[in-house]
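Listed below, chain by chain, are the residues.
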Amino acid sequence: MSSPSLALLGGLDPDSDDDLSDSLPLPSLPSASSVSAEISAAFGGLALSPGAAAAGSGRLLDQLLSLERPLVTREMVPFLALDSVAQELCKRVLSPRGGPEERVGESYKAALLMSCAQGAPAPPVLAWTGEACRVLVGELWKAFGEGGEAHLWHVCHVLKFLFQHHGDAFLSIVGRNKAAVTKHLPPLLRNLEHPAVEGFLTCLAAQEETNATTDKKWKFACALAEYRLLLKLAAQVADPATPPARAQATADATAAIVAAYARDDHGELMFSPLGYCEELAGDLLRSACGPGKPLALRATCAKVLLDIAAKAAEETIQVSPPGQDQYGQVQEARFVKNKMAEIRPLFHKHLQAHIPLICTFLATPSLLPDAPSGVSHPGGGASGTSFTVARLLLFTLLTDIIAFRPSRLEEVPAELHRQLVEWFFEYSENNMFQHQ
């Protein structure tokens, strides 16, 4: 069978009842109506002959991707849904060809054939990606391996699209049990410094904007809890070998996931490791207060703990603001129970066990040997060294611990009290410290 021409690949059937108003923009092609029958016959024939499709898929996709704005039509669905064709299209994202601009262009067009740029996806796109979801997820996940050449923005865009529109099929692959989660999540954690990967992991773990059924969501939440995702994230932040950019992105992802599950029905399940496992608080505090640690690592570890402690302090969470509905009726703000509230005493118990470590760090300025020089302020001189965000966050965390359990104030040594008084005058311009 001869392959369709470039015009055939982009043609549309004027008699088709497909609603393509929300699909990708149409390319300017000559006399599309005159070749619609040939398109249908060509793609239908390929769908009935997998061998022919496999042999000609590369050439056909080359022609399709050569269009300025390629489009998926109903006739193309059986062809694109073939495993060999879906794999070949994924290769155009994983290993695009040509120079830098050509590589980005080919990857971008291939990604759009597997998703949509904006708005509701066209029915043909939903149809073929639904049939090929297993192949697409398996192939695209290879982009998170070492030495990949894929454009991660495009990969994560397609995976997020599949998660949103084919949630059950997606979670059947990625999150059906602990084994599936253990296989698929570590590669994401190793690439979190990339903003697209961080956003995708947050969307996936928090189960945001997906049409997955309640049963699939529950199984995925159970698998994440059994995998102890929050502890894995904290361990990556606390590991001195983690690159600073990845550690910061991991901290941000942790805060976003915690905030999402604090108002989610699966939250109590996800947060159980925070209350019953000492590792999270212990690992982060030992990295934040231990000797010889970089300032950036200290600050990032302290921020994760402070974010969790602050989120756990809220009894309820507002999920919708007050306002008016479409009929003009006044709607009150809606609140839900904070799913972290019940584990707060247990989490603070782990923090309280490390009060001596925090106090020793704060009372020993020499533990910050790489603190930058202080900055002079108008009307005042410069202090010896900067106060540093790490020191401020750990002091704020200590005040939060004491506020939750005032009886633990007696564990704060006199040396730290004297140090705090000295800082009050030494850093007289630091209103953030003085406010605490």
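- By the naming in an unreviewed UniProt entry, the protein chain goes by MMS19 nucleotide excision repair protein and is assigned to Tetraparma gracilis.

Side note on the packing of aromatic side chains
Here is step 1: Using the criterion set out here, one finds five aromatic pairs in the structure.
Here is step 2: Residues Trp-141 and Phe-170 carry aromatic rings whose centres are separated by 6.3 Å and whose planes lie at 55 degrees to one another, so their mutual orientation is tilted. You can see Trp-141 sitting in the loop between helix H8 (133–140) and helix H9 (152–165) and its partner Phe-170 sitting in helix H10 (residues 167–174), a full 29 residues away along the chain.
Here is step 3: Grouping aromatic residues by their ring pairs yields a cluster made of Trp-141, Phe-144, Phe-163, Phe-170 and Phe-200.

Comments concerning unusual backbone geometry
Here is step 1: In this structure, Gln-207 is a non-glycine residue whose phi angle is positive, near 55 degrees.
Here is step 2: Assignment of secondary structure puts Gln-207 in the loop between helix H12 (195–205) and helix H13 (214–227).
Here is step 3: Judged by its relative accessible area of 9%, Gln-207 is buried.
Here is step 4: With phi around 55 degrees, Glu-209 is a residue other than glycine that occupies positive phi space.
Here is step 5: As for its placement among the helices and strands, Glu-209 is situated in the loop between H12 and H13.

Side note on helix H22 (residues 414–426)
Here is step 1: In this model, H22 (13 residues) spans 18 Å end to end at C-alpha, consistent with the 18 Å of a helix rising 1.5 Å per residue.
Here is step 2: Where H22 is concerned, the buried positions are Leu-416, Gln-419, Leu-420 and Trp-423. One side of H22 carries all its buried residues, which in axial view fall inside an arc of 105 degrees.

Cut-off values and rules
- Residues numbered from 1 in each chain as written.
- Predicted model: local features only at pLDDT ≥ 70, side-chain atom pairs only at ≥ 80, totals over all residues.
- Heavy atoms only, no water.
- Phe/Tyr/Trp six-rings, centres within 6.5 Å; stacked < 30°, edge-to-face > 60°.
- Helix = DSSP H or I, 4+ residues; strand = E, 2+ residues; numbered from the N terminus.
- Buried < 20%, exposed > 50% of the residue type's maximum accessible area, 1.4 Å probe, protein only.
- Expected span 1.5 Å × (residues − 1).
- Arc of directions from axis to C-beta.

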